[in-house]
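Notes for the structure review
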Amino acid sequence: MSDTDYDVIVIGGGGAGLAAAVTAAENGASVILFEARKELGGSTALSAGLFTAAATSVQRALGIDDSAEKYFQHYMDLNQWMLKPGLIRTFCEQAGPTLEWLLELGLEIPARTSGNAHQPGLSQAGVEDVWRGHVPKDQGYGLVQVLDAARRRHGIEVVLDTRVQALLTENDRVVGVVADDVELRSAAVVVASGGFARNPELVDIHFPAANRAGSDLFVVAAEGSRGDHLRFAPSVDASIAGHGWGLMLPTVYFQRYHHWQSGFPPKSRIHVNAGGRRFMDEDASYAVSTGIIDGQGGSAWMIFDDNARQNLPAGYADWAPDRVEDEADAGRTLRASSLAELAELMAVPAAALDATVERWNAHLPHGEDPDFLRHRTLANKGSTSNPEPIETAPFYAARILPAELVCTHAGLEIDSDSAVLTTRGTRVPGLFAAGEAGAGVLGQRYVGGGNAVANALTMGRIAGRNAALHTVDAQPLTA
């Protein structure tokens, strides 16, 4: 258009922004992308790249019968139908085609089963009965490289290390942005600037539950997750959805990094509550594990023995033999020569703790967990050996609580076309949003590994296609 500098301006160079930019360009739009950091990728690049989707070619190659309808039902049930069914149906229907699009662009996901988010293939993402977690080669970094290669092929201009200051509006319509005090005009703008996990003030307002972790709280989201989308909202009377929702992962109090750096707790461990009783599958998906621990008062005890400690692999920042010993020497992790003494330090009934450990030793080390079915979870994770009994003194107890802040779900409310809605429920002309910035898909319950990446890329693609509709003859993905 003669009165615009570009057809589409994309704010944010993470997975959602790249997907939006590439899709808009595929549909004939001229596109420029602004990224506040010095490199592209955002939180997507830091992730495992796990992508939840249904009815994919990877599933079919493994003989798995799945459908978007099954995915939709599971998604809504897990979130107690507190999300807009129309939006979630669109997401579930388009996640599969988005994955196929990524495969066409060059993403590699082998048709084989995967035991975790580090093994390329198909894994169990959450608590779904049909596996939907697609793990790409080279993790999130590889996913971003595939998208960036597509961006370069389309000649999409990128402006790095530049934070968009404001949306440019005329007659209640978004007509561009202001960056470096310069106005840049466009027919449409896509906000894909990520979440706000790195902004403590916005966490206080929109996800205060994260603060229950107190000084144990740590953030693994990208540094650019500063909440720019919320800063843009007042100027266009945009509705904010998803207040109070986000993803917190349970960790021990001394963990300060994502597990890639921190390491993993020992397989031979149990979680017990204030009554000294086991209450969960210790390897339960974080789709439900945070809620389970919240149901026990917000924290619990992780119990393991010295054999488990000594067999932790060295080289990790947190879960390493010496680090655990240092925490015990400092008195922050409890240590005792007997379970009775440990129970006293924990202020839990000694008889209950002893009975809990005795029952666990009698079952899971022999391959079966009749109470919480952890043997099934371990098998799905690719475990080929049973845990060792918890019987070698000294014994340890460390507090476990939801303390790892991964992503935030409050953002600009969107509809099924990724169009931003006003507080009146009408569309803001010319404005679209996706990823953590576009709220409505990520709910109170995180459906499982890959939920955020699938949301970012699927809704980013929808946003890019519909933003291109403002200037070129394209068909919406949701048509």
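Residues numbered from 1 in each chain as written. Predicted model: local features only at pLDDT ≥ 70, side-chain atom pairs only at ≥ 80, totals over all residues. Heavy atoms only, no water.

In terms of helices and strands, the protein carries 16 helices and 20 strands. Here the protein has a C-alpha radius of gyration of 23 Å; the compact-globule value for 479 residues is 23 Å, and the two agree. The principal-axis extents of the C-alpha atoms in the protein amount to approximately 80 × 50 × 40 Å. Across the 479 residues that make up the protein, the buried fraction comes to 57%. Considering only contacts in the protein between residues 6 or more positions apart, those separated by 24 or more positions represent 73%. Accessible surface, the protein: about 18,700 Å² in total, of which carbon and sulfur atoms supply 48%. Side-chain charges of the protein comprise 38 positive and 58 negative groups, with the mean position of each set lying 1 Å from the other. (Helix = DSSP H or I, 4+ residues; strand = E, 2+ residues; numbered from the N terminus. Rg over C-alpha atoms; globule rule 2.2 N^0.38 Å. Buried < 20%, exposed > 50% of the residue type's maximum accessible area, 1.4 Å probe, protein only. Contact = heavy atoms within 4.5 Å. Areas by Shrake-Rupley, 256 points an atom, 1.4 Å probe, with all protein chains shown as cover. Lys, Arg positive; Asp, Glu negative; His and termini not counted. Charge placed at Lys NZ, Arg CZ, Asp CG, Glu CD.)

A few words now on the sheet that holds strand 5 (residues 133–135). What holds strands together in a sheet is hydrogen bonding between their backbones, with the strands either parallel or antiparallel. The sheet built from 3 strands is open, its strands ordered 3-5-4 with antiparallel pairing. Each edge of the sheet is formed by a strand with only one pairing partner; in this case those strands are strand 3 (51–52) and strand 4 (121–123). As paired strands, strand 4 and strand 5 are joined by 3 bridges and run antiparallel to one another. In the strand pairing of strand 5, L122 is matched with H134. (Pairing = 2+ DSSP bridges.)

What follows is about the UniProt feature "domain: FAD-dependent oxidoreductase 2 FAD-binding" (unreviewed entry) in the protein. Feature annotation in UniProt assigns "domain: FAD-dependent oxidoreductase 2 FAD-binding" (unreviewed entry) to the following positions: residues 7–453. Counting secondary structure, residues 7–453 comes out at 31% helix and 21% strand; the distance between its end C-alpha atoms is 26 Å. (UniProt positions renumbered as here; feature names shortened; annotations may be inferred.)

On to the sheet that holds strand 17 (residues 411–413), then. Judged by pairing direction, the sheet is mixed, and its 3 strands sit side by side in the order 11-17-20 without closing on themselves. The open sheet terminates on both sides in strands that have one partner only, identified here as strand 11 (240–241) and strand 20 (438–439).

Attention shifts here to unusual backbone geometry. The omega torsion of the bond from A393 to P394 falls at 0°, within 30 degrees of zero and hence cis. Looking at the element boundaries, P394 is found in the loop between helix 15 (374–380) and strand 16 (395–408). Positive phi outside glycine occurs at D181, with the angle close to 65°. Look at D181 and you get exposed, because its relative accessible area is 67%.

Our next topic: helix 4 (residues 68–78). Turning to helix 4, its buried residues number three or more, namely Y71, F72, H74, Y75, M76 and L78. Once helix 4 ends, the next one or two residues include Q80, with phi positive near 55°.

Burial within strand 16 is extensive, with 12 of its 14 residues counted as buried. Sheet topology note: the strand 10 (residues 218–219)/strand 16 ladder contains 2 bridges and is parallel. By the bridge assignment for strand 16, F218 is matched with E404. Where strand 14 (residues 300–305) meets strand 16, 6 bridges bridge the pair, whose relative direction is antiparallel. Within strand 16, the residue paired with F304 across the bridge is Y396.

A few words now on the environment of D354. Here D354 is to be found in helix 14 (residues 350–363). We classify D354 as partly exposed; its relative accessible area is 41%. Distance in space between the C-alpha atoms of D354 and R277 is 9.2 Å, their sequence separation being 77 residues.

Turning next to helix 14. The end-to-end C-alpha distance of helix 14, which contains 14 residues, comes to 20 Å, matching closely the 20 Å that a straight helix rising 1.5 Å per residue would cover. The set of residues buried in helix 14 consists of A352, L353, T356, V357, W360 and N361. Along the axis of helix 14, the buried residues cluster in a sector spanning 165°; they form a single face. Residues A351 and E358 are exposed on helix 14 and point more than 90 degrees away from its buried face. Against the buried residues of helix 14 lie strand 13 (270–272), strand 14, helix 13 (339–346) and helix 15. (Expected span 1.5 Å × (residues − 1). Arc of directions from axis to C-beta.)

One way to put it is that helix 5 (residues 85–105) packs onto helix 16 (residues 451–468) with a least axis distance of 8 Å and a crossing angle of 90°. Compared by their axis directions, helix 5 and helix 16 come out roughly perpendicular. Between helix 5 and helix 16, the residues in contact are L87, T90, F91, Q94, A95, P97, T98, W101 and L102 and N451, A454, N455, L457, T458, M459, R461 and I462, respectively. Residues belonging to the contact of helix 5 with helix 16 are distributed by class as follows: 10 nonpolar, 6 polar and 1 charged. (Axes fitted to C-alpha atoms, helices over the stretch in contact; angles between N-to-C directions. Parallel < 35°, antiparallel > 145°, perpendicular 65-115°, else oblique. Nonpolar A, V, L, I, M, F, W, Y, C, P; charged D, E, K, R; others polar.)

On to the side chain of D228, then. Topologically, D228 is positioned in helix 8 (residues 228–232). With residues near it in sequence (within four places) discarded, D228 still touches R163 and S193.

Pairs may arise between side chains of opposite charge once their charged atoms sit close together. Under the criterion given, the structure shown has 30 salt bridges. With a shortest N-O distance of 2.8 Å, R185 and E170 are connected by a salt bridge. Here R185 is found in strand 9 (residues 182–191), whereas its partner E170 is found in strand 7 (residues 164–170), with 15 residues between them in sequence. A relative accessible area of 36% means that E170 is categorised as partly exposed. Each member of the salt-bridge network shares a partner with another, and the members are R269, R278, E282, D283, D369 and R374. (Salt bridge = Lys/Arg side-chain N within 4 Å of Asp/Glu carboxyl O.)

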